[in-house]
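Coordinate analysis (summary)
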Amino acid sequence: MKHISGGVCAAEGFTAFGMHAGIKPTSMPDRNDLALIYSDVPCHSAGVFTTNRVKADPVMLDIEQLKDGQAQAIIANSFIANACAPEGQETAKRETVALANALPVRQEDVIVSSTGVIGMRLNVEAIEKAIPTLVAGLSKDGSDAAARAIMTTDTVKKEISVEFPVGGKTAHIGGITKGSGMIHPHMGTMLCYLTTDAAVSTEMLKKALKETVRKTFNRISIDGDMSTNDSCVILANGKAGNEEITAEGEDYDSLLTAMLEICTYLARLMASDGEGASHLITCRVHNADSEDKAEVISKSVINSSLTKAAIFGADANWGRVLCAAGYSGADFDPSKTDITFSSKSGDLPVCKNGRGLDFDEDFASKVLAEEEIIINIDLNEEGNEEAICWGCDLTYDYVKINGDYRT
């Protein structure tokens, strides 16, 4: 596998563009707010969406659109979520009609996404007016503009692409995502779009996407709030020329490895870009007798407000970590559990067999001052299963950002 440039346009047959359509306020005239991703041929497609019972109208529409396993274009806006909004369903459908009139695509093959403030009407007229310009701007260099168009409180663009071998051919896969707040496992406000030129059946694409999301996006959390709009969609147009992947095997494993590489990178980037965050928290629970148990404990730790606050303050308060593991609901023996804080500055063992260890506070402060803090939890069970989850610290700025987000 090799990292390459191009983002969602790295794969053959895909173009993209992003622009300011007037959805964001006039005070943000230079901020893109409308994105388009397009394949010049129909694609096998799959999607994973929020499990929140309150779903945005674009999410409900996309679930229907993807029932036939086919899509060709994705249009997405930022700033307004079109969730619980006046005329929300009609607005989403109007976008599919407008795009189908501007591109050689079926209305049924258009995926619609929105992200931003819940409850406010989306200016669909501005979108309809912008679509001719959006379509005219499609290019192989358009991934950057599209990635920036879906950003809300994100501070950095989130984009990656790789090439990988499959069936004697070279295939490509790229992705862009957004997400900085209202992020919680099981799909936060996150949007993710993946494109590949690998030939793969819809059934195997769905299988690979679900497995990838389970081990990446479903293992991040910023603030414990699950969004109404979470969407992860993949389009595969088959232009790499490999024999179509229709079953598990070497080619399927190659595709899955590439998807995991892409989505792990994007998931970590989202966690590190949490609203107001100053530290990425990586929690690794290992030597567990089941992966599910390790995941439950790891998620509990990265969601602990007290642990997040301690990391912000560079305080090696490991008791908060063990406490979070203890209320996770997982069955483990605290008296066998070891905890170590690690970073680029070194390793700091703080707990052995459930009891505190003496450590140098100055060294602890140095370890916890780095941008990425790794919390290693060794359950010392007979199994060798593990899970890694990602989160961020809790800072003053998180409250500032979300205290007046709508206004």
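What comes next concerns the included structure. (Residues numbered from 1 in each chain as written. Predicted model: local features only at pLDDT ≥ 70, side-chain atom pairs only at ≥ 80, totals over all residues. Heavy atoms only, no water.)

1. Section: the overall build of the protein chain
Counting secondary structure elements, the protein chain contains eleven helices and 15 strands. The C-alpha atoms of the protein chain give 22 Å as radius of gyration, which agrees with the globular expectation for 407 residues (22 Å, within 12%). For the protein chain, the C-alpha atoms occupy an extent of roughly 70 × 55 × 35 Å along the three principal directions. Buried positions account for 57% of the 407 residues belonging to the protein chain. Surface summary for the protein chain: the accessible area is close to 16200 Å², and the carbon and sulfur share equals 49%. If you average the places of the 37 positive and of the 59 negative side-chain charges in the protein chain, the two averages end up 3 Å apart. (Helix = DSSP H or I, 4+ residues; strand = E, 2+ residues; numbered from the N terminus. Rg over C-alpha atoms; globule rule 2.2 N^0.38 Å. Buried < 20%, exposed > 50% of the residue type's maximum accessible area, 1.4 Å probe, protein only. Areas by Shrake-Rupley, 256 points an atom, 1.4 Å probe, with all protein chains shown as cover. Lys, Arg positive; Asp, Glu negative; His and termini not counted. Charge placed at Lys NZ, Arg CZ, Asp CG, Glu CD.)

2. What about the pattern of salt bridges?
All told, the structure shown has 25 salt bridges when counted by the stated rule. Residue Arg148 is joined to Asp144 by a salt bridge in which the shortest nitrogen-to-oxygen separation is 3.2 Å. One end of the pair is Arg148 and the other is Asp144, both in helix H4 (residues 143–149) and four residues apart, which spans about a single turn. Since its relative accessible area comes to 29%, Asp144 is described here as partly exposed. The salt bridge involving Glu386 is made with Arg284; its shortest N-O contact spans 2.9 Å. With Glu386 in strand S15 (residues 385–392) and Arg284 in strand S10 (residues 280–288), this residue pair connects regions lying 102 residues apart in the sequence. (Salt bridge = Lys/Arg side-chain N within 4 Å of Asp/Glu carboxyl O.)

3. Things to note about empty space enclosed by the protein
Counted as a void, the largest cavity has a volume near 30 Å³. Lining the largest cavity, in full, are Thr307, Ala310, Ile311, Asp315, Ala316, Asn317, Val321, Phe341 and Ile375. For the lining of the largest cavity, the element with the most residues is helix H8 (residues 305–312), which contributes three residues. Of the residues contributing to the lining of the largest cavity, the split by class is six nonpolar, two polar and one charged. (1 Å grid on protein atoms, 1.4 Å probe; cavity = no way out; pocket = protein on both sides within 12 Å on 5 of 7 lines; lining within 4 Å. Points joined across faces, edges and corners; volume = space filled by probe spheres on them. Nonpolar A, V, L, I, M, F, W, Y, C, P; charged D, E, K, R; others polar.)

4. Some details on the sheet that holds strand S13 (residues 355–356)
Taken together, six strands build an open sheet; the order of strands is S13-S12-S11-S14-S10-S15 and the sheet is mixed. Since the sheet does not close on itself, it has two edges, and those belong to S13 and S15, each with one partner. As paired elements, S10 and S15 share seven bridges and run antiparallel to each other. Note that in S15 the partner of Leu280 across the bridge is Cys392. Strands S10, strand S14 (372–378) and S15 of the sheet are contacted by helix H6 (residues 250–272), whose axis makes an angle of about 40° with S15. Helix H7 (residues 291–303) contacts S10, S14 and S15 of the sheet and is inclined by roughly 20° relative to S15. (Pairing = 2+ DSSP bridges. Contact = heavy atoms within 4.5 Å. Axes fitted to C-alpha atoms, helices over the stretch in contact; angles between N-to-C directions.)

5. Let's talk about the packing of helix H2 (residues 88–102) against helix H3 (residues 124–136)
Axis separation between H2 and H3 bottoms out at 10 Å; the angle between their running directions is 25°. Judged by the inter-axis angle, H2 sits roughly parallel to H3. Crossing of H2 over H3 shows right-handed handedness. When H2 is examined against H3, the residues Thr91, Arg94, Glu95, Ala98, Leu99 and Ala102 are found in contact with a partner set consisting of Val124, Glu125, Ile127, Glu128, Ile131 and Val135. Tallied by class, the residues present in the contact of H2 with H3 amount to seven nonpolar, one polar and four charged. (Parallel < 35°, antiparallel > 145°, perpendicular 65-115°, else oblique. Left-handed = near helix turned anticlockwise from the far one by under 90°.)

6. Digging into the nonpolar core
Counting 38 residues, the largest nonpolar core has Phe164, Ile173, Leu194, Leu209, Phe217, Ile234 and Ile262 as its most contacted members. For this core, the secondary structure elements donating two or more residues are strand S3 (34–49), strand S6 (158–166), strand S7 (169–178), strand S8 (191–196), helix H5 (202–215), strand S9 (231–236) and H6. For this core, the leading source of residues is H6, giving eleven residues. Counting 31 residues, the second-largest nonpolar core is a separate cluster that includes Ile281, Ala294, Val301 and Val350. (Core = buried A, V, L, I, M, F, W, Y, C linked by side-chain atoms within 4.5 Å.)

7. Remarks on unusual backbone geometry
With phi around 55°, Glu87 is a residue other than glycine that occupies positive phi space. Along the chain, Glu87 turns up in the loop between strand S4 (70–77) and H2. Residue classification places Glu87 among the partly exposed positions, given a relative accessible area of 44%. We note that Ala314 has phi near 55°; this positive angle belongs to a residue other than glycine.

8. So, the environment of Ser78
If you trace the backbone, Ser78 turns up in the loop between S4 and H2. Sequence-distant contacts of Ser78, that is, excluding residues within four places in its chain, are made with Ile23, Lys24, Asn32, Asp33, Thr115, Ala149, Ile150, Met151 and Thr152. One polar contact links the side chain of Ser78 to the main-chain carbonyl oxygen of Ala149, over a distance of 2.7 Å. (Polar contact = N/O pair within 3.5 Å; in protein donor to acceptor, adjacent residues only side chain to side chain.)

9. Some details on the environment of Ala10
Along the chain, Ala10 turns up in the loop between strand S1 (2–3) and strand S2 (14–19). In this structure Ala10 comes out as buried when scored by relative accessible area, which is 13%. On a C-alpha basis, the gap between Ala10 and Gly116 in space is 27 Å, while along the polypeptide they are 106 residues apart. Here Ala10 is in contact with Ile4, Ser5, Lys140, Ser161 and His172, once residues within four sequence places are set aside.

10. Quick word on the state of the cysteines
In this structure the tally under the stated criterion is zero disulfides. With no disulfide partner, Cys9 has as its closest neighbouring cysteine sulfur the one in Cys43, 13 Å distant. Counting only cysteine sulfurs, Cys192 is the nearest neighbor of Cys263, a cysteine outside any disulfide, at a range of 4.9 Å. Cys263 sits in the buried class, given a relative accessible area of 0%. (Disulfide = S-S within 2.5 Å.)

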